[in-house]
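# Descriptive structure summary
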Amino acid sequence: MLEGLRAALPGVEVIHVAGSAMEGDECGGASQALEAARASDAVVLCIGEPKTWSGEAASRTEIALPRGQQTLCDTLLQSGKPVTTVIFSGRPLAIPDIIARSAAVLAAWFPGAQAGHALADILTGRDEPTGRLAITWPRSVGQIPI
């Protein structure tokens, strides 16, 4: 993502802060991420789940973000800056508050090697995504099966 954004926006300073690990409850980079967000015009927040959390033999009772990532999201969504949230997951996640509070949301799923460049093209408006599949995004686990 970072490489793609920097390539797509050569005249723009793109600041990167690793706010939270993909798994776990710790969010050691939240304060640095908030500081960077306040110094920026906009925020691209990349969140999601590890590939091992979805697919065959990977059922979970919760389809939410790990607590560390949720903490990071809550912190950045209070920054006062427009936040575009990019979600990397193998299934829809029950994150209604994040979706409601983000300026824009892009479900990237688990993309390939050129994902950063492709997603940067979408985020900058250089390209328009054309793969539109009907999918229901649950508000909570209690809605499943839909």
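About the criteria used
Residues numbered from 1 in each chain as written. Predicted model: local features only at pLDDT ≥ 70, side-chain atom pairs only at ≥ 80, totals over all residues. Heavy atoms only, no water. Helix = DSSP H or I, 4+ residues; strand = E, 2+ residues; numbered from the N terminus. Buried < 20%, exposed > 50% of the residue type's maximum accessible area, 1.4 Å probe, protein only. Polar contact = N/O pair within 3.5 Å; in protein donor to acceptor, adjacent residues only side chain to side chain. Contact = heavy atoms within 4.5 Å. Salt bridge = Lys/Arg side-chain N within 4 Å of Asp/Glu carboxyl O. Arc of directions from axis to C-beta. Pairing = 2+ DSSP bridges. Axes fitted to C-alpha atoms, helices over the stretch in contact; angles between N-to-C directions.

### Comments concerning the side chain of S89
Relative to the elements of secondary structure, S89 occurs in the loop between β2 (83-88) and α4 (96-101). You can call S89 buried: its relative accessible area is 1%. There is a polar contact of 2.7 Å between the side chain of S89 and the backbone oxygen of R91. Excluding residues within four positions of it along the chain, S89 makes contact with E49, W109 and F110.

### Side note on unusual backbone geometry
Although it is not a glycine, W109 sits at a positive phi angle of roughly 60°. Looking at the element boundaries, W109 is found in the loop between β3 (104-107) and α5 (115-123). Exposure remark for W109: the relative accessible area of 31% places this residue in the partly exposed category.

### Points about the pattern of salt bridges
Using the criterion set out here, one finds four salt bridges in the structure. Across the salt bridge formed by R101 and D74, the nearest N and O atoms sit 3.9 Å from each other. Of the two residues, R101 is situated in helix α4 and D74 in helix α3 (residues 67-77); the sequence distance between them amounts to 27 residues. The partner of R101 in a salt bridge is D97, and the shortest N-O contact between them spans 2.8 Å. Residue R101 and its partner D97 are both found in helix α4; the two are separated by four residues, about one turn of the helix. Linked by salt bridges that have partners in common, D74, D97 and R101 make up one network.

### Re helix α2 (residues 30-38)
Those residues of α2 that sit buried are A30, A33, L34, A36 and A37. For α2, the angular spread of the buried residues around the axis is 165°, confining them to a single face. Of the exposed residues in α2, the ones pointing more than 90 degrees away from its buried face are S31, E35 and R38. Next to the buried residues of α2 lie β1 (43-48) and α3.

### What about the sheet that holds β1?
A sheet is described by the order of its strands in space; here three strands give the open sequence β1-β2-β3, paired in parallel fashion. Only two strands of the sheet have a single neighbouring strand rather than two, namely β1 and β3. For this sheet, the mean inter-axis angle between neighbouring strands, taken without regard to orientation, is 20°. Here β2 pairs with β3 via four bridges, running parallel. From the neighbouring strand, V86 faces β3, where its bridge partner is L106. Along the sheet, α5 contacts β1, β2 and β3; its crossing angle with β2, the most-contacted strand, is approximately 145°.

### Describing α5
For α5, every residue scored as buried is listed here: A115, G116, L119 and A120. Angular distribution of buried residues about the axis of α5 spans 125°; they occupy a single face of the element. Residues of α5 that are buried in the fold lie against α1 (2-8), β2 and β3. Count one or two residues on from α5 and you reach G125, which has phi positive near 85°.

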